[in-house]
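Coordinate inspection notes
As a plain string of letters, each chain reads:
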Amino acid sequence: MPMTDSWQTAEIPGPKKASLIIKPDIADALISRAKRPIMIVGHGIIEYEVEGKPLIDCLIALSRKAKIPVVVSASTNKEFLSRGFEPAAIMSAVEISSRLTDPEWKGLDGKESYDLAIFVGLPYSMQWTILSGLKHFAPGVKTMTFDCVYHPNASWSFPNSTIKDWAANLKGIVENLED
Amino acid sequence: MPMTDSWQTAEIPGPKKASLIIKPDIADALISRAKRPIMIVGHGIIEYEVEGKPLIDCLIALSRKAKIPVVVSASTNKEFLSRGFEPAAIMSAVEISSRLTDPEWKGLDGKESYDLAIFVGLPYSMQWTILSGLKHFAPGVKTMTFDCVYHPNASWSFPNSTIKDWAANLKGIVENLED
Amino acid sequence: MSRKSVNFTIKEINSDLAQFRDLNITIGSITRERWEEPMGPTPYPSLTTLRSWDQRLLSRYKPFYMPFCDLCCLCTYGKCDLTGTKKGACGISMPAQQSRTVLIAACIGAATHISHSRDLLNHVIATSGRDCPINVGGTSVEVEAPITRLVCGVKPETLGDLEPVLDYCENQLTQLLAVTHTGQEGNHLDFESKVFHAGMIDHVGMEVADIAQVSALGFPKADPEAPLCDLGLGTVDTKKPVILVIGHNVPPATAIIDHLKETGLFPEVEVTGICCTALDVTRYSPRAKIVGPISWQLRYIRSGVPDVIVIDEQCVRTDTLTEAARIHAPLIATSEKNCLGLPDMTDETVDAIVAGFVSGKVTGALILDPEKVGEVAVATAMAVAPKRKKHSVLPTKHQLGEWAKKCTQCMLCRRACPNDLPIAQAIRLAASGNLSGLDELYDDCLGCGRCESACKQKIPIHSLIVAAADKKTREETYCLRSGRGAIQDLEIRKVGGPIVLGEIPGIVAFVGCANYPKGSREVAEMCMEFARRRYIVCTSGCSAMSAGMYRDEEGKTAYERYSGAFEAGGIVNVGSCVANSHIAGAAIKIASIFAKRPLRGNYEEIADYVYNRVGAVGVAWGAMSQKAASIAAGFWRLGIPVVVGPHGTKYRRMLLGRADKDADWFVYDARTGEKVYGGPVPEHLFFAAETKEEAMVMVAKLTMRPNDTSRGRANKLANYIDLHKRLVGGIPQDVYRLVRTHADIPLTMKDECLLHLSGHDWKESPIPDPTLLPRMVHQKRGD
Amino acid sequence: MSRKSVNFTIKEINSDLAQFRDLNITIGSITRERWEEPMGPTPYPSLTTLRSWDQRLLSRYKPFYMPFCDLCCLCTYGKCDLTGTKKGACGISMPAQQSRTVLIAACIGAATHISHSRDLLNHVIATSGRDCPINVGGTSVEVEAPITRLVCGVKPETLGDLEPVLDYCENQLTQLLAVTHTGQEGNHLDFESKVFHAGMIDHVGMEVADIAQVSALGFPKADPEAPLCDLGLGTVDTKKPVILVIGHNVPPATAIIDHLKETGLFPEVEVTGICCTALDVTRYSPRAKIVGPISWQLRYIRSGVPDVIVIDEQCVRTDTLTEAARIHAPLIATSEKNCLGLPDMTDETVDAIVAGFVSGKVTGALILDPEKVGEVAVATAMAVAPKRKKHSVLPTKHQLGEWAKKCTQCMLCRRACPNDLPIAQAIRLAASGNLSGLDELYDDCLGCGRCESACKQKIPIHSLIVAAADKKTREETYCLRSGRGAIQDLEIRKVGGPIVLGEIPGIVAFVGCANYPKGSREVAEMCMEFARRRYIVCTSGCSAMSAGMYRDEEGKTAYERYSGAFEAGGIVNVGSCVANSHIAGAAIKIASIFAKRPLRGNYEEIADYVYNRVGAVGVAWGAMSQKAASIAAGFWRLGIPVVVGPHGTKYRRMLLGRADKDADWFVYDARTGEKVYGGPVPEHLFFAAETKEEAMVMVAKLTMRPNDTSRGRANKLANYIDLHKRLVGGIPQDVYRLVRTHADIPLTMKDECLLHLSGHDWKESPIPDPTLLPRMVHQKRGD
Ligand code: SF4
Ligand code: SF4
Ligand code: SF4
Ligand code: SF4
Ligand code: SF4
Ligand code: SF4
Ligand code: SF4
Ligand code: SF4
């Protein structure tokens, strides 16, 4: 399937569409450049594996390395807790996203606004609409998705990828970060 | 501007989009392969020039070489007549297009249905909507545009091009045809 | 009169006459029956009552759908991809989806007129009383409400009589909108039939609105000599305090006039208007001035001339508050339908509101009482005008050049422009000091502002265009005959014969919005051309303004050159958009008054008459809105074709006949009952023309009707052929389809026509007494 | 009763009593005034009457817009790109465009109910008379129409009294739809206020519909012990002729039952239904059977079981005609709103129609007379059943494998599936003979058929899924308590205290459509969980079916396990979608009957009460339709939060509170007039949950109200914390915001709560007597 069509065929995006993360270093550069990143993790991540390891481990590693606070929605929290990882907040996707559109909001810690929000694992059409909300109404926040499908409403997204390519890419992102 | 965005920014097309005519030989192959092509010419062609010669001359040459009947809409007829070229029909764009969606229609000469319709020179949004009508309701007719802008609802379209690239391309199409 | 039954109980009445206890009166239906005409077959038709009539029309004029989007996004199953033969999650297919979308648009359009009509009726009932008689033309107009009589089968005599008519409209509108719900109607032709129904009730709603305001507000009453009034930016006296009214619902504007008159301030203050409120306020007082159609909103406000802006409903730019604030002009919103987030100050005192405006603390207010609006607007205008000093936000020549230099030639402006105008090119010129490009753009620019939104350099492009064309704006000094309202019965009697016989080649109505492909001027040119050719030309709405915005060689506008009578060569401005009903009404009255067809609740028969015999065509050259969609549909159901400009393809489908399919064009001959070929006339019901030239030729063709006498057909053909030769070149290729007998051939074109016919295996065919209704056979009335 | 004035003239009356000539009676307004309660401030509110109440709510719950499309395509200026801060050609911005789109949806939803209500009312008036008394619960229900009383300020006593109520709804609907016209309202919050208004009149329309049908058709009258009836594909006796009814308007279905009874054929024929007509036909006769919600339409028809399909309006797949033809089942359309292009056979004889069906010459007919539908459907079912032999189009196991082998694994099916189901994977398995993948899909599949449209190999994917799950379909033998209608006044009296005090932790209503993210079962699981926790659980519409489609460990469905009373731990199926009005009605009655707040035309005060005191929450887990949008809006205006599933983000915006902003949560203390912190409760008004778990935890939280007593708050907190611990893990992070005093802390969770509080700088705060209305200060009634 074309790399930059919406994963759901009919979710045709408007004129403004996500740039592609083709190589890990693009994502790494974007993450490093961000002053205040945040990661929002939906329940969809539970079923995915990155080269034999559950995706969640990869996200935890990323969060630790890049010091990115993680917001989990309801059903994902336990998975994190069971791995000894304490998410920064348990919050629904619409709640955290709505806060991100408020330029006055100083973040979970009350310090400063976020400038990068990484989304992964929400149901496709829910993530599509939420990213649309941010695209239009959170001009100060860039968004990135880590799903293996194209999310046109993000600022940066993976293309529609095979699981293998995607996993390699994600792994690369985490590994390179240390450099 | 991106080659395959709609020329009018907001005319976002659906999942099915035109393939690109990048080189003259693509168009030539398509035209040669067509059993019954037809060309529909709108009034917009009058202002364009292909390498110094009016676009209309180029279209007349094409029509003669490839034996493609030309349907002109109202305001273009005189230009053709003044060049000693008799269009196959004077007909509005919506009339000829609506006929093309009728699989029973045997063409202007009553012989056989057309299988390729080349559009050029209608106002962008009018051509956009008409091509949409054909995309959905004339499965037996492939459509091609000769405008210098991308028309996603055609089967094949030029990309958004500079006048120079476009003119070279068009000229190539006509010249190569003889080969 | 009411369609509802009433049951009430009166415990006790004591009067001089009698004493009742426990009187219980049940009345099935209260009708004040003073109308002797027997009831026709279809009073108050429901969704399917006229379905078979619609099916007849739709089998000739099959919809050609041009999806404006490949998707449906109406419910949370979606979006659904409907490309080609794909179906949505509710099972719907693309033709049904397109027609459903059209139905939604038509419902929005009809709702807009009907709700406006209700607001207006409530207002005039409050001011003039429920018993105020309906008077649209004194004794010159017996058939006061042809559409209402036809559709509802009632004959309203007072304002109060109009209320149940609107009840009916609201009821049907609700039914129609329900049809668009996910998982309901699935057939595109049934959707289209319902679109026609929406159009029909829209016309009822419009008629009610206009006859209510004409009756109660003293507008010109079917007056062919309604006064001329000023039109154009250049007519505004900018030295005075200026009030700008925008919208469609005139009571706040008339209250302003009233208050100015009461206070004697009228000579000191300019009342200027845009859109239909402008048209209607000049019907109230011809001293008000019309600035222009909807496309003039941005340019006029930015010029800084208006000191106070009063908006009501419909066709008001949604960013008026922002634009008004930029020129420091207070904004008064006056409609529940258009509140713009403003504080509701209806209950505050005039002084307090004005003080808020003058201090600048309040930039806008919602005032839901027209009289208070009148007082506030006047007082505010007087007070702020000296302070504002006509604060404009248009750039100076110097600023203009500075802006132009920021341009990166990215083309985003052009790609955002509905008319694909060469903006970037003009800006490049301007950067080098040459404003001619921008000045040229002014004529074609719709004033939509989309280019500005698109420009990443934040160049105020539209302002640049307007500033570059300042000489033109100053020279916009035109005039317009204010809306006359209905057509007199006598006029109908006079032209009925010539129209039906074809001696008057047709009625051409230029109506609707200003989304023109090439500016206003084309409308004026078309109007003049058809008037010169002795068609009856009608105008309304924004098109009525555009028709006046051009001077011929002698410096005359269309309204000065031609008469305002409903006669050959007249240019008849009926009024605002709701006055469109008088155009449909005139066609109906030809059937009813001239041809004496029974009118009451007799929709099909009258539509059959109009369709087969009355050569009327609507032209909505800049049709933009949902209202235009419903108005057009109301004409279609009556069998009147509508031509739109190229943007009209965005209405998602055409209704096109197939002249090449003889089988489609059979009619019944009412004399014999035989099915006979009636010819491909009118060829289309809804047609988008690419250019003005194409439109004019098509209009001439679409006035033909199967009933044309040979003399009439020859006249129509002569116009058609002549226009074709001039504008397209050569004799039209389909003349042989339109000539039925030798006598149809225009005398002056005999040779070329015969030559043409000889090339087409042409044979004479008889002229039928045409009808699409089997039941009309042998039933000709008046025999 | 009527809002309209009546003026009529009687030329002459001769009676035994007296003789009148030229009697002229003018009556300003006819009201049969038997209601002693004085009129409240806002009877028959217009578009802006309740605007300030809406503004209060909307300032707390600011819309978070998630544009479902970056464009607007409403008029021919468009499409306009509204990305970010760009404006359309009419000046509109993205927030306004999104809210306008929501308003269109809400208008479509409200129109659907109101027009259905009108059709139903016309029908029952025709059969039972205008004077037929309204009876929704005999003496158990004094407040027969709480919403109508509240909104309109009238007390309907007969069916005829309901007509002016619908007049009002139709009028307001027309006004509201007009607001969406191009170039009118420009402020997103004003659009949202109008969405609330649409929701409110939708609730009026729904109430009228349900009380009309309950009164006239003998449905259960507020009966907690309404009979249980069969539910599920497996309950249909496929050996009998089977009639399938689909839709929302029950008269054709009741006519079928009547005719079966009259002819004694009822035992021989199965009457089965899908969607709300199914729910309502079981209220008429519990021997009818419910097949399932909207998502069962394709699978049931394709199974070949129905012999005749009768559709009415709403929620009928638009491709039913095609699907019916595939199994050779004649289709009868019965609604003007849903004609499917079928020939209108209303005026033909029953025999002729049946003969056409039986011969196969006619595959479908439009019959607009319910009684004739009854006769035709029965006769046709009897006649065609033996011929059809339950012709199914589901593939055999062998065919299934052959189809699966054609799959190219292109993924287009999955990319078309609203639930992103792993279809291609399942098909690959099936190609190798393993059907388990397809069988698993069955549970989550919405039955939308989009995968089939998308497949270039033309694999009938949905049929494959259903065929693979044939064992499951045979085992679908559940039951459902048929819709009881209203809640008794006595029940309200009993639970009013416990609810307002918080002893009953809340009312949770599972309503609406079946666009579930993971199939039906989650609804049943949620219902059971909340019933077990002693909430009052209400169900309606498709959700009422889903609630019954699951058996617990003991093999019991929710309706068998729990009582049907409006009490703690009850599972109360009110009925079809229009019966949702009884859920809102119950909340209103708590304010009116239990708290004795004046009801009549007193919207704000009652909404203020419900919002601050009645812990009700709606869950529309599969909300799909425009009706769901308007129903939700009706709840919001009353201050009742609604939770939807993940697809709910496609409604284009959420209404979310900001618990972190203390300033947002101030209320007036009615005792003192002081502005005091009331806590972030209820935190949201419209919320889309990602998963069932998230929804349940949120529901528990959203039942909290500022008025909760400590005992009540402790009870609610206990449920919230417990659910959070079980489903999410750990104590919720916001408990400190919800505990006001030490007494609020649930006893069994004392230690962990104190630990949590100590980490959050928590201080005790007083419990106010909360109101958002300044005028309610010092005005407490009943003191
Ligand atoms: S129909 Fe209009 S709003 Fe919907 S997806 Fe298409 S362009 Fe967007
Ligand atoms: S209405 Fe039908 S086609 Fe449109 S989104 Fe909903 S399911 Fe899809
Ligand atoms: S959008 Fe602005 S910068 Fe780009 S070409 Fe137009 S005026 Fe120049
Ligand atoms: S304001 Fe004029 S130039 Fe600009 S986009 Fe609109 S029509 Fe084009
Ligand atoms: S309604 Fe406004 S935003 Fe929508 S297409 Fe028309 S002009 Fe553009
Ligand atoms: S769309 Fe058809 S061919 Fe493609 S993966 Fe799905 S079932 Fe296979
Ligand atoms: S029918 Fe079922 S599997 Fe197919 S697209 Fe719809 S929900 Fe998905
Ligand atoms: S709950 Fe929704 S899908 Fe079900 S019948 Fe009602 S409106 Fe239709």
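What counts and how
- Residues numbered from 1 in each chain as written.
- Chains lettered and ligands numbered in written order.
- Predicted model: local features only at pLDDT ≥ 70, side-chain atom pairs only at ≥ 80, totals over all residues.
- Heavy atoms only, no water.
- Helix = DSSP H or I, 4+ residues; strand = E, 2+ residues; numbered from the N terminus.
- Rg over C-alpha atoms; globule rule 2.2 N^0.38 Å.
- Buried < 20%, exposed > 50% of the residue type's maximum accessible area, 1.4 Å probe, protein only.
- Contact = heavy atoms within 4.5 Å.
- Areas by Shrake-Rupley, 256 points an atom, 1.4 Å probe, with all protein chains shown as cover.
- Lys, Arg positive; Asp, Glu negative; His and termini not counted.
- Charge placed at Lys NZ, Arg CZ, Asp CG, Glu CD.
- Buried area = accessible area lost by both parts, 1.4 Å probe.
- Salt bridge = Lys/Arg side-chain N within 4 Å of Asp/Glu carboxyl O.
- Polar contact = N/O pair within 3.5 Å; in protein donor to acceptor, adjacent residues only side chain to side chain.
- Expected span 1.5 Å × (residues − 1).
- Domains from an automatic or database assignment.
- Nonpolar A, V, L, I, M, F, W, Y, C, P; charged D, E, K, R; others polar.
- Pairing = 2+ DSSP bridges.
- Right-handed = clockwise from strand over helix to strand, strands pointing away.
- Least-squares fit on C-alpha atoms with pLDDT ≥ 70 in both.
- Axes fitted to C-alpha atoms, helices over the stretch in contact; angles between N-to-C directions.
- Near = heavy atom within 4 Å.
- Patch = residues over 30% accessible without salt bridge, like charges linked within 9 Å, V, L, I, M, F, W, Y side chains within 5 Å.
- Phe/Tyr/Trp six-rings, centres within 6.5 Å; stacked < 30°, edge-to-face > 60°.
- Lys NZ or Arg CZ within 6 Å of the ring centre and 35° of its normal.
- Disulfide = S-S within 2.5 Å.

Re the overall build of chain C
Within chain C, the secondary structure is distributed over 29 helices and 23 strands. Over its C-alpha atoms chain C spans a radius of gyration of 27 Å, differing by no more than 12% from the 28 Å that the globule rule assigns to 783 residues. Reported as C-alpha extents along the three principal axes, the dimensions of chain C are approximately 85 × 80 × 60 Å. Taking all 783 residues of chain C together, the buried fraction comes to 70%. Pairs at least 24 apart in sequence give 76% of the contacts found in chain C among residues at least 6 apart. Surface summary for chain C: the accessible area is close to 23200 Å², and the carbon and sulfur share equals 52%. Side-chain charges of chain C comprise 90 positive and 89 negative groups, with the mean position of each set lying 4 Å from the other.

Considerations on the interface of chain B and chain D
The partner chain D presents five residues to the five residues of chain B that form the contact. For the chain B face of the interface with chain D, the top three residues by lost area are Ala10, Glu11 and Ile12 of chain B, together amounting to 80%. Joining chain B to chain D, the criterion identifies one salt bridge. Linking lysine 79 of chain D and glutamate 11 of chain B is a salt bridge whose minimum nitrogen-to-oxygen distance equals 2.9 Å. Viewed at the interface, chain D and chain B are joined by one residue pair in polar contact (both at pLDDT 80 or more).

Regarding helix α20 (residues 521-532) of chain D
Residue and element names in this part refer to chain D. In this model α20 runs 17 Å from its N-terminal to its C-terminal C-alpha over 12 residues, within 8% of the 16 Å that 1.5 Å per residue would give. Extensive coverage of α20 is indicated by the burial of nine of its 12 residues. Count one or two residues on from α20 and you reach arginine 534, which has phi positive near 70°.

Quick notes on the domain arrangement of chain C
Often the size quoted for an interface is simply the accessible area lost on bringing the parts together. All names here are of chain C. Assigned domains within chain C: domain 1 (10-217), domain 2 (233-388), domain 3 (397-459) and domain 4 (483-775). One C-alpha centre belongs to domain 1, the other to domain 4, and the line joining them spans 26 Å. At the surface where domain 1 touches domain 4, the tally comes to two salt bridges. Glutamate 192 is paired through a salt bridge with arginine 653; the nearest N and O atoms lie 2.9 Å apart. The tally of links from domain 1 across to domain 4 stands at 29 residue pairs in polar contact (both at pLDDT 80 or more). Elements that contribute at least two residues to the side of domain 1 that touches domain 4 include exactly α1 (51-60), β3 (62-65), α2 (94-128), α3 (146-152) and α5 (188-217). Of the residues forming the side of domain 1 that touches domain 4, the biggest block, 15 residues, is contributed by α5. In terms of residue class, the side of domain 1 that touches domain 4 is made up of 33 nonpolar, 16 polar and 12 charged.

Concerning the pairing of strand β8 (residues 142-145) of chain B
Residues and elements named next belong to chain B. Of the pairings in the sheet, the one linking strand β7 (residues 116-120) to β8 comprises four bridges and is parallel in character. Bridging across to β8, phenylalanine 119 finds its partner in threonine 145. Remark: the β7/helix α5 (residues 124-137)/β8 crossover connection has right-handed handedness.

Details of the relation of the copies chain D and chain C
Superposition record for chain D on chain C: RMSD 0.0 Å, screw rotation 180°, translation along axis 0.0 Å. Both copies are brought into coincidence by an operation consistent with a two-fold rotation axis. Judged by C-alpha distance, glutamate 170 of chain D is the residue of chain D that lies nearest the rotation axis, at 2.7 Å. Of all interface residues in chain D, 100% are interface residues in chain C too; the two copies therefore contact each other through one and the same surface.

Regarding the sheet that holds strand β18 (residues 642-644) of chain D
Consider a sheet: its strands pair through backbone hydrogen bonds, and that pairing is either parallel or antiparallel. Residues and elements named next belong to chain D. If you walk across this open sheet you meet the eight strands as β3-β19-β22-β18-β17-β14-β15-β16, and the pairing is mixed. Where the open sheet ends on each side, the last strands, each with one partner, are β3 (62-65) and β16 (571-575). For this sheet, the mean angle separating the axes of adjacent strands, direction not counted, is 25°. The pairing of strand β17 (residues 616-620) with β18 spans three bridges and is parallel. Residue pairing across strands places glycine 618 opposite valine 642, the latter belonging to β18. Along the sheet, helix α21 (residues 541-548) makes contact with β14 (507-510), β15 (536-540) and β16, crossing β15 at roughly 115°.

Details of the site of ligand 5
With respect to spatial proximity, the complete set of residues near ligand 5 consists of Cys72, Leu74, Cys75, Tyr77, Gly78, Cys80, Gly88, Ala89, Cys90, Ile92, Arg100 and Thr182 of chain D. For the shell around ligand 5, the class distribution of residues is eight nonpolar, three polar and one charged.

Re the interface of chain D and chain C
Taken residue by residue, the interface counts 99 residues in chain D and 100 residues in chain C. Together chain D and chain C conceal approximately 8400 Å² of surface at their shared face, both sides included; 53% is due to carbon and sulfur atoms. For the pair chain D and chain C, the interface holds two salt bridges. Ionic pairing is found between lysine 87 of chain D and aspartate 319 of chain C, a salt bridge with its closest N-O pair at 2.7 Å. Our count for the chain D to chain C interface comes out at 64 residue pairs in polar contact (both at pLDDT 80 or more). When contributions to the side of chain D that touches chain C are tallied by element, the ones reaching two or more residues are β1 (6-14), β2 (19-27), α2 (94-128), α4 (162-179), α5 (188-217), α16 (450-454) and α25 (626-637) of chain D. The residue inventory of the side of chain D that touches chain C, partitioned by class, reads 42 nonpolar, 31 polar and 26 charged.

Description of a nonpolar patch on the surface
All names here are of chain A. Residues Met3, Ile22 and Ile26 make up a contiguous nonpolar surface patch of about 240 Å² in total accessible area. As for its placement among the helices and strands, isoleucine 22 is situated in the loop between β1 (19-20) and α1 (24-33). Overall, isoleucine 22 belongs to the partly exposed group, its relative accessible area being 43%.

Some points on the packing of aromatic side chains
Summed over all chains, the structure comprises 30 aromatic pairs over all chains. Over the ring of tryptophan 296 of chain C we find arginine 299 of chain C; its NZ or CZ atom is 4.3 Å from the centre of that ring.

Some thoughts on unusual backbone geometry
The omega torsion across glycine 78 of chain C and lysine 79 of chain C is -5°, close enough to zero to call that bond cis. Tracing the sequence through the fold places lysine 79 of chain C in the loop between β4 (71-72) and β5 (80-81). Valine 681 of chain D connects to proline 682 of chain D through a cis peptide bond whose omega is -15°. You will see that cysteine 315 of chain D, though not glycine, has its phi angle at about 55°, which is positive. Inspection of the secondary structure assignment puts cysteine 315 of chain D in the loop between β10 (308-311) and α9 (320-326).

Details of the pattern of salt bridges
On inspection of all chains with the given rule, the structure shows 128 salt bridges over all chains. Arginine 317 of chain D is the salt-bridge partner of aspartate 319 of chain D, the closest N and O atoms lying 3.0 Å from each other. Summarising the burial analysis for this pair, aspartate 319 of chain D and arginine 317 of chain D share the class buried. In this structure, lysine 692 of chain D engages glutamate 525 of chain D in a salt bridge whose closest nitrogen and oxygen atoms are separated by 2.7 Å. Here lysine 692 of chain D, found in helix α26 (residues 692-702), pairs with glutamate 525 of chain D, found in helix α20; they are 167 residues apart in sequence, far enough to count as distant. You can call lysine 692 of chain D buried: its relative accessible area is 15%. What you see here is one network of salt bridges that share partners, running through Arg99 and Asp102 of chain A together with Arg658, Asp660 and Lys661 of chain D.

Things to note about the side chain of arginine 637 of chain C
Residues and elements named next belong to chain C. With respect to the helices and strands, arginine 637 occurs in helix α25 (residues 626-637). Looking at arginine 637, its side chain comes within polar contact range of the side chain of aspartate 54, at 2.6 Å. With near-sequence residues (within four places) excluded, arginine 637 lies in contact with Leu50, Trp53, Asp54, Leu57, Ser193, Phe196, His197, Met200, Tyr603 and Ala607.

Overview of the side chain of glutamate 192 of chain D
All names here are of chain D. Looking at the element boundaries, glutamate 192 is found in helix α5. Among the polar contacts listed, one links the side chain of glutamate 192 to the side chain of arginine 653, at a separation of 2.9 Å. Residue contacts for glutamate 192: discarding those within four places in its chain leaves Leu58, Pro63, Tyr65, Ser99 and Arg653.

Comments concerning α26 of chain D
The element α26 of chain D is largely enclosed, with a buried count of 10 among its 11 residues. Every buried residue belonging to α26 of chain D is among Lys692, Glu694, Ala695, Met696, Val697, Met698, Val699, Ala700, Lys701 and Leu702 of chain D, and all of these are buried.

Re the state of the cysteines
Throughout the structure, instances matching the rule amount to zero disulfides over all chains. In this model cysteine 58 of chain B remains outside any disulfide bridge; the closest cysteine sulfur is found in cysteine 148 of chain B, 13 Å from its own.

Structural notes on the environment of valine 495 of chain C
Residues and elements named next belong to chain C. Within the fold, valine 495 resides in helix α19 (residues 489-501). In this structure, the C-alpha to C-alpha distance between valine 495 and valine 735, residues 240 residues apart in sequence, is 27 Å. In this structure valine 495 touches Ile504, Ile536, Phe566 and Glu567, once residues within four positions along its chain are discounted.

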